[in-house]
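In case you want the letters, here they are:
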Amino acid sequence: MNSLKRIPVLAANWKMYKTVGETREFLHVFLPMVDKLSEREVIIAPPFTALSAASEILKESELVTLAAQNMYFEQKGGFTGEISSIMLKELGIKWVILGHSERRHIFGEKNSLIALKVKSALENDLLPILCIGEKLEEREGGLMHEILERQLSAGFSEVSSAEADKVVVAYEPVWAIGTGRTATPDQAQDAHIHIRSWLTGLFDSDIAGQIRILYGGSVKPENINELMALPDVDGALVGGASLKPESFSQIVSCRTS
Ligand code: PGA
C-alpha cells in the first residue's frame, strides 16, 4: 500500500457553536498560531451562517480550508431549510461533512440518503468527509464490523475508482463523541484496518492506500500524537477541542510522521 501520499488531515467540526463574530475572533487568533505549519491539511467546519465570513478571512490561507457540516443532494427546489452544493461552491467551500452520527441519530439520516449526498457532492466538486461509526450497544453486541461495512457500502455505492481518493472517511465511534472517552489506540487501529481492508476489497490496495481515514471522538491535544502514530490513522475530526484556538492549534501542530 502506498501510504506516502496520504497527507494528514486535521478537521474541526464546530457543530452548532459560534456566531459570525465568534468565528472571526477564533480565526484571527488561530491563524497566526499555525502559519508555520506545512505537510498537512487543516479544515474548519463552522455553522452555515459563518461560512461566508470565514471564507473571506481564509481566502489567502494555504493551510486552512472550509467544510460545510451537511448539505442536501438536490441542487435547488422546494426543500425548506436545506442547503445545496452550488450554494456552498459559491462561497469557495472545498469540503462537506456527510453522515455525521448526530445527523444519523438525532435527525434520522439513513445510509440511502447519505449515499445520494456523497454522489451529489462529488458531482458538484465538493470533497466528502464521510462519517461512519458504531454505537456502544452495537460494539458490545459484536456488530461493529457489520455496521461499518453497511455504512461504507452505502457511502461508496456511487463512487467510482477514479474518484475514490477524493473521499475522506472519518471513523467516529458514537460512544466516543463528546464523552471524553477516546477509543484506545488498539480500538482505533483495529477499526481503521478493517475500513482499509474493506476499501481494498471494493477498489484495490493502491486506491485503498490513498484514501485518508480520520479518527474522531474526544480527540484532544493530550491524545492526538498517540492517535497520529497509528499506521492507519491519517488525521482527526475534532469537535469540542476545536472550539478554542489554543487547543485546536496544538492538535493541528501534531507530529505527522
Ligand atoms: P468530539 O466530537 O471531539 O467533541 O468528541 C467529534 C465529532 O463529533 O466530530
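The structure presented is a predicted model; accordingly, all values stated were derived computationally and were not measured. Going along each chain's sequence as written, the residues are numbered from 1 onward. Only residues with pLDDT of at least 70 are given local features in this predicted model, and only at 80 or more are side-chain atom pairs given and counted; all residues enter the totals for whole chains, interfaces and linings. Excluding hydrogens and water, the side-chain figures rest on all heavy atoms present in the structure.

## Notes on the sheet that holds strand β6 (residues 168–171)
Line of reasoning, step 1. The rule for pairing is simple: two strands pair if DSSP sees at least two bridges between them. A run of DSSP states H or I qualifies as a helix once it reaches four residues; a run of E qualifies as a strand once it reaches two. Both are numbered from the N-terminal end. The eight strands are arranged β1-β2-β3-β4-β5-β6-β7-β8 in a closed barrel whose pairing can be described as parallel. Between one strand and the next, the sheet's axes are offset by a mean angle of 25 degrees, whatever the strand orientation.
Line of reasoning, step 2. As paired elements, strand β3 (residues 64–68) and strand β4 (residues 95–98) share two bridges and run parallel to each other. Within the sheet, the bridge partner assigned to Ala67 lies in β4 and is Trp95. A fitted line through C-alpha atoms serves as each axis, taken over the contacting stretch for helices, and the angle formed by two N-to-C directions is quoted from 0 to 180°.

## Details of helix α8 (residues 185–202)
Line of reasoning, step 1. Helices are assigned an expected span. That span is 1.5 Å times one less than the residue count. With 18 residues, α8 extends 26 Å between its outermost C-alpha atoms, agreeing within 8% with the 26 Å of an ideal straight helix rising 1.5 Å per residue.
Line of reasoning, step 2. Per-residue accessibility, obtained with a 1.4 Å probe over protein chains only, is compared with the maximum for each type, and a residue is labelled buried under 20%, exposed over 50%, and partly exposed between these values. If you check which residues of α8 are buried, you get Ala188, Gln189, Ala191, His192, His194, Ile195, Arg196, Trp198 and Leu199.
Line of reasoning, step 3. Summarising the contacts, the buried residues of α8 are in contact with β5 (127–132), α7 (144–155), β6, α9 (205–208), β7 (213–216) and α10 (224–228). Contacts are assigned to residue pairs with any non-hydrogen atoms lying within 4.5 Å of each other.

## A few points about the pattern of salt bridges
Line of reasoning, step 1. One speaks of a salt bridge when a side-chain nitrogen belonging to Lys or Arg is within 4 Å of a carboxyl oxygen belonging to Asp or Glu. Using the criterion set out here, one finds 14 salt bridges in the structure.
Line of reasoning, step 2. Of the charged contacts, one joins Glu56 and Lys59 as a salt bridge, the two residues approaching to 2.4 Å between their closest N and O atoms.
Line of reasoning, step 3. For Glu123, the salt bridge is made with Lys119, and the minimal N-O distance between the two is 3.4 Å. Separated by four residues within a single helix, Glu123 and Lys119 lie in helix α5 (residues 111–123), roughly one turn from each other.
Line of reasoning, step 4. What makes Glu123 exposed here is its relative accessible area of 56%.
Line of reasoning, step 5. Connected via shared salt-bridge partners are Arg6, Arg196, Asp232 and Asp234.

## Some details on the packing of helix α1 (residues 20–34) against helix α2 (residues 48–58)
Line of reasoning, step 1. The N-to-C vectors of α1 and α2 enclose an angle of 30 degrees; their axes lie 9 Å apart at closest approach. The orientation of α1 with respect to α2, classified from their angle, is roughly parallel. Classified by chirality, the crossing of α2 by α1 is right-handed. Contacts between α1 and α2 pair Val20, Thr23, Arg24, Leu27, His28 and Leu31 from the former with Thr49, Ala50, Ala53, Ala54, Ile57 and Leu58 from the latter.
Line of reasoning, step 2. Note on residue categories: nonpolar means Ala, Val, Leu, Ile, Met, Phe, Trp, Tyr, Cys or Pro, charged means Asp, Glu, Lys or Arg, and polar means any other residue, Gly included. Residues of the contact of α1 with α2, tallied by class, amount to eight nonpolar, three polar and one charged. With respect to orientation, any angle under 35 degrees is reported as roughly parallel, any angle over 145 as roughly antiparallel, any angle of 65 to 115 as roughly perpendicular, and every other angle as oblique. Two helices cross in a left-handed way if the nearer one is turned anticlockwise from the farther one by less than a right angle. They cross in a right-handed way if the turn is clockwise.

## Side note on the packing of aromatic side chains
One pair of aromatic rings is described through two measures. These are the centre distance and the angle between the planes.
Line of reasoning, step 1. For Phe, Tyr and Trp, rings pair up if their centres lie within 6.5 Å, where Trp contributes its six-membered ring, and each pair is then called stacked (planes under 30 degrees apart), edge-to-face (over 60) or tilted (otherwise). Tallied over the entire structure, the rule returns seven aromatic pairs.
Line of reasoning, step 2. Ring-pair connections join several aromatic residues into one group, and the members of that group are Trp14, Phe26, Phe30 and Phe248.
Line of reasoning, step 3. Charge-over-ring contacts are defined here by two conditions on Lys NZ or Arg CZ: a distance within 6 Å of the ring centre and an angle within 35 degrees of the ring normal. The ring of Trp14 carries Lys18 above its face, with NZ or CZ at 5.2 Å from the centroid.
Line of reasoning, step 4. It is Arg103 that lies over the ring of Phe107; its NZ or CZ is 4.2 Å from the centre.

## With respect to the pairing of β6
Line of reasoning, step 1. Residues Val168 and Ala170 line one face of β6 and the alternating positions Val169 and Tyr171 line the opposite face, and both faces are buried.
Line of reasoning, step 2. In this structure, β5 lies alongside β6, joined through four bridges in parallel fashion. Across the sheet, Cys131 pairs through a bridge with Ala170, a residue of β6.

## Some details on the site of the ligand
Line of reasoning, step 1. Near residues are defined by distance, with any heavy atom within 4 Å of the molecule or strand qualifying the residue. Close contacts around the ligand come from 13 residues, with Lys15, His100, Glu172, Gly178 and Ser218 the closest.
Line of reasoning, step 2. Between the ligand and Glu172 there is a distance of 2.7 Å, counted from an oxygen atom to a side-chain nitrogen or oxygen.
Line of reasoning, step 3. In the environment of the ligand, an oxygen atom lies 2.7 Å from a nitrogen or oxygen atom belonging to the backbone of Gly178.
Line of reasoning, step 4. For the area figures, the Shrake-Rupley method with a 1.4 Å probe applies, and any residue is considered shielded solely by the protein chains shown. With the chains in place, 95% of the 280 Å² that the ligand exposes on its own is no longer accessible. Polar contact is the term for a pair of N or O atoms within 3.5 Å; when the atoms are in protein, one must be able to donate a hydrogen and the other to accept it, and sequence-neighboring residues count only if both atoms are side-chain atoms.

## Thoughts on the nonpolar core
Considering soluble globular proteins, one finds that nonpolar side chains tend to be buried as a cluster.
Line of reasoning, step 1. The definition of a nonpolar core used throughout is a set of buried Ala, Val, Leu, Ile, Met, Phe, Trp, Tyr and Cys residues joined through side-chain atoms within 4.5 Å. Among the nonpolar cores identified, the biggest contains 65 residues, and Phe30, Ile44, Phe156, Ile195, Leu199, Tyr215 and Phe248 are the most heavily contacted of them.
Line of reasoning, step 2. Residues in contact with Phe30, not counting those within four places in the same chain, are Val42, Ile44, Val64, Pro245, Phe248, Ser249 and Val252.
Line of reasoning, step 3. Core analysis: the second largest hydrophobic core is formed by 14 residues, Ala11, Ile129, Cys131 and Leu214 among them.

## Details of the state of the cysteines
Line of reasoning, step 1. Count a disulfide wherever a pair of cysteine sulfur atoms falls within 2.5 Å. For the structure on display, the rule yields zero disulfides.
Line of reasoning, step 2. No disulfide involves Cys131; its sulfur sits 18 Å from that of Cys254, the nearest cysteine.
Line of reasoning, step 3. Take Cys131: its relative accessible area is 2%, and that puts it in the buried class.

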